[in-house]
Amino acid sequence: MTVVRPRGPLWEIICDECGASWHGPSGEQCWTCERRHEMEFESRRTQLLFPEWLGWGERFERCNGIDRIVWAETRGFTGDYRGKWKRDLFNAIPKFVSAREAADALKRYEKWMTHIERFDNSLPNLT
Ligand SMILES: [Zn+2]
């Protein structure tokens, strides 16, 4: 935060982070950055607690193994994205998520994995 000069009872302030400028009391925080940080925080929480791939439904299930990999890769999820998610979720405690929220997210994940496995096992054996 750079305080440039007084303007009446207020100061001309320029944010060092985003360049926004306004007139306010000395030391006032940048509203734009504050809002952006809040949104980034919420977005990070959502990605951790409700990852996009956890909502992939029936069309994903009906794909075979290779097609599921392609499905995930075209959506930006490569390699062991589920393992990475688990590590990220664990490392986000307590800054982004509580231990309870992480445990609930893991339950949703396990429920989904069980559902996928049941679906796979219900397919006719073509060999
Ligand atoms: Zn700012």
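Structure: see above.
Residues numbered from 1 in each chain as written. Predicted model: local features only at pLDDT ≥ 70, side-chain atom pairs only at ≥ 80, totals over all residues.

(A) Region of the structure containing the pairing of strand E3 (residues 21-24). Here four bridges tie strand E2 (residues 10-14) to E3, and the two strands are oriented antiparallel to one another. Bridge assignment links Ile-14 to a residue of E3, and that residue is Ser-21. Linking E2 back to E3 in an antiparallel pair, the connection comprises six residues, with Gly-19 at a positive phi of about 85 degrees. (Pairing = 2+ DSSP bridges. Helix = DSSP H or I, 4+ residues; strand = E, 2+ residues; numbered from the N terminus.)

(B) Local environment of unusual backbone geometry. Residue Pro-94 is bonded to the preceding Ile-93 through a cis peptide linkage, with omega at 0 degrees. Tracing the backbone through its elements, the reader meets Pro-94 in the loop between helix H4 (81-91) and helix H5 (99-122).

(C) Summary view of helix H3 (residues 65-74). Of all ten residues making up H3, only zero are buried, and the element is barely covered by its neighbours. Trailing H3 by a residue or two, Gly-76 shows a phi angle of about 90 degrees, which is positive. (Buried ≥ 20, exposed ≤ 12 C-beta atoms within 10 Å, placed from the backbone.)

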